[in-house]
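# Observations on the three-dimensional arrangement
Spelled out, the chains give:
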Amino acid sequence: MSEKQKIIKRMLEMQKQFIAHEHAEEFSPDAYYHPQEGDPLVGYREEYDALANKLVDIAHDEKGSTR
């Protein structure tokens, strides 16, 4: 599996977990931006953003373009 596929797979897993927690009403919108220790969203935004940026970099490399 390529790095790009691994990143996409992880992002999809994260989205599924987020949606499951959201549907179970396990957190409020405030918890997304300010998660407390022990919340399922601790580090979520940071990891997802890092993965998304890495995916953009890979796409630019593939096309020979720059940001």
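Computed from a predicted structure; not experimentally measured. (Residues numbered from 1 in each chain as written. Predicted model: local features only at pLDDT ≥ 70, side-chain atom pairs only at ≥ 80, totals over all residues. Heavy atoms only, no water.)

## Observations concerning the overall build of the protein
For the record, the criterion: Where helices and strands are cited, they refer to DSSP runs of H or I of at least four residues and of E of at least two residues respectively, numbered from the N terminus. With C-alpha atoms as the basis for the radius of gyration, the globule rule is written as 2.2 Å multiplied by the number of residues raised to the power 0.38. Exposed residues in this analysis have more than 50% of their type's maximum accessible area, buried residues have under 20%, and partly exposed residues fall in between, with area computed by a 1.4 Å probe over protein chains only. Throughout, a contact is declared for two residues whenever any of their heavy atoms are within 4.5 Å. Residue-level accessible areas treat just the shown protein chains as cover; the underlying method is Shrake-Rupley with a 1.4 Å probe. Residues scored as positive are Lys and Arg, those scored as negative are Asp and Glu, and His as well as the terminal groups of each chain are ignored. By convention, the point assigned to a charge is CZ for Arg, NZ for Lys, CD for Glu and CG for Asp.
A count of helical and extended segments in the protein gives three helices and zero strands. In the protein, the order of α-helices and β-strands from amino to carboxyl end is α-α-α. Scaling as 2.2 N^0.38, a compact globule of 67 residues should have a C-alpha radius of gyration of about 11 Å, whereas the protein reaches 14 Å, well beyond that. The dimensions of the protein, computed from C-alpha atoms along their principal axes, are 40 × 25 × 15 Å. Looking at the protein as a whole, 16% of its 67 residues are labelled buried. Counted over contacts in the protein with a minimum sequence separation of 6, partners at least 24 positions apart contribute 50%. In the form shown here, the protein has an accessible surface area of approximately 5,200 Å², with 51% of it arising from carbon and sulfur atoms. Taking the average place of the 9 positive charges on the side chains of the protein and the average place of its 14 negative ones, the gap between the two points comes to 11 Å.

## Observations concerning the pattern of salt bridges
To keep it simple, the criterion reads: Should a side-chain nitrogen of Lys or Arg be within 4 Å of a carboxyl oxygen of Asp or Glu, the pair is scored as a salt bridge.
Summed over all chains, the structure comprises four salt bridges. The structure contains a network of salt bridges with shared partners spanning Arg10, Glu13 and Glu47.

## Considering helix H3 (residues 44–63)
Test applied: Residue count minus one, scaled by 1.5 Å, sets the expected span of a helix. Note that the arc is defined by the directions from the helix axis to the C-beta atoms.
For H3, spanning 20 residues, the distance from its first C-alpha to its last is 29 Å, which sits close to the expected 28 Å at 1.5 Å a residue. When H3 is considered as a whole, its buried residues turn out to be Tyr44, Tyr48, Leu51 and Ile58. Each buried residue of H3 lies within a common arc of 85° when the element is viewed along its axis, so the set occupies one face. The exposed set on the far side of H3, more than 90 degrees from its buried face, consists of Glu46 and Asp61. Buried residues along H3 sit in contact with helix H1 (3–23) and helix H2 (29–33). Gly64 occupies a position one or two residues after H3 and carries a positive phi of about 75°.

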